[in-house]
Amino acid sequence: MEKRLYKINQGKMVDGVCGGIAEYFGLDPSLVRLAWIIFSAMGGSGIPAYILAAVIIPREPEHL
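Residues numbered from 1 in each chain as written. Predicted model: local features only at pLDDT ≥ 70, side-chain atom pairs only at ≥ 80, totals over all residues. Heavy atoms only, no water.

Counting its secondary structure elements, the protein contains three helices and zero strands. When the helices and strands of the protein are read in sequence order from the N terminus, they spell out α-α-α. Its C-alpha atoms give the protein a radius of gyration of 12 Å, near enough to 11 Å, the size a compact globule of 64 residues would have. Dimensions of the protein along its principal axes, counting C-alpha atoms only, are 40 × 25 × 20 Å. A buried classification covers 31% of the 64 residues belonging to the protein. Counted over contacts in the protein with a minimum sequence separation of 6, partners at least 24 positions apart contribute 47%. (Helix = DSSP H or I, 4+ residues; strand = E, 2+ residues; numbered from the N terminus. Rg over C-alpha atoms; globule rule 2.2 N^0.38 Å. Buried < 20%, exposed > 50% of the residue type's maximum accessible area, 1.4 Å probe, protein only. Contact = heavy atoms within 4.5 Å.)

Take a look at the structure:
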């Protein structure tokens, strides 16, 4: 089966972007969220990047 990047439905905090990225790379979602917060604090470019990712990354299908 092909590995795909999705926003998660279960265990999401805001829109499921960080959880989906963590699942795709096999990481702990808390580490991805922490990295995203640090990225946002260093110039604020993380917030527009999160919004863009939330729009672009598709939602996880219900049957997976």
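When the terminal C-alpha atoms of helix α2 (residues 29-41) are compared, their 18 Å separation across 13 residues agrees well with the 18 Å that a helix rising 1.5 Å per residue should span. Those residues of α2 hidden inside the fold are in contact with α1 (17-25) and α3 (46-56). Positive phi appears at Gly43, one or two residues downstream of α2, with a value of about 110°. (Expected span 1.5 Å × (residues − 1).)

Attention now moves to the nonpolar core. Grouped together as the largest cluster of nonpolar side chains are ten residues: Val17, Cys18, Ile21, Ala22, Val32, Trp36, Tyr50, Ala53, Ala54 and Ile57. Of all the secondary structure elements, the ones that give two or more residues to this core are α1, α2 and α3. The dominant element in this core, judged by the number of residues it contributes, is α1, at four residues. (Core = buried A, V, L, I, M, F, W, Y, C linked by side-chain atoms within 4.5 Å.)

This part covers α3. Looking at α3, one finds that the buried residues are Gly46, Tyr50, Ala53 and Ala54. What you see down the axis of α3 is that its buried residues fit within an arc of 100°, all on one side. Seen from the buried face of α3, the exposed residues on the opposite side, beyond 90 degrees, are Ile51, Leu52, Val55 and Ile56. Looking at the buried positions of α3, the neighbouring elements they touch are α1 and α2. (Arc of directions from axis to C-beta.)

The next thing to look at is the packing of α1 against α2. With their axes 8 Å apart at the nearest point, α1 and α2 run at an angle of 125° to one another. Considering their axes alone, α1 and α2 lie oblique with respect to each other. With respect to the hand of their crossing, α1 and α2 are arranged in right-handed fashion. Between α1 and α2, the contacting residues are Val17, Cys18, Gly19, Ile21 and Ala22 on the first element and Pro29, Val32, Arg33 and Trp36 on the second. (Axes fitted to C-alpha atoms, helices over the stretch in contact; angles between N-to-C directions. Parallel < 35°, antiparallel > 145°, perpendicular 65-115°, else oblique. Left-handed = near helix turned anticlockwise from the far one by under 90°.)

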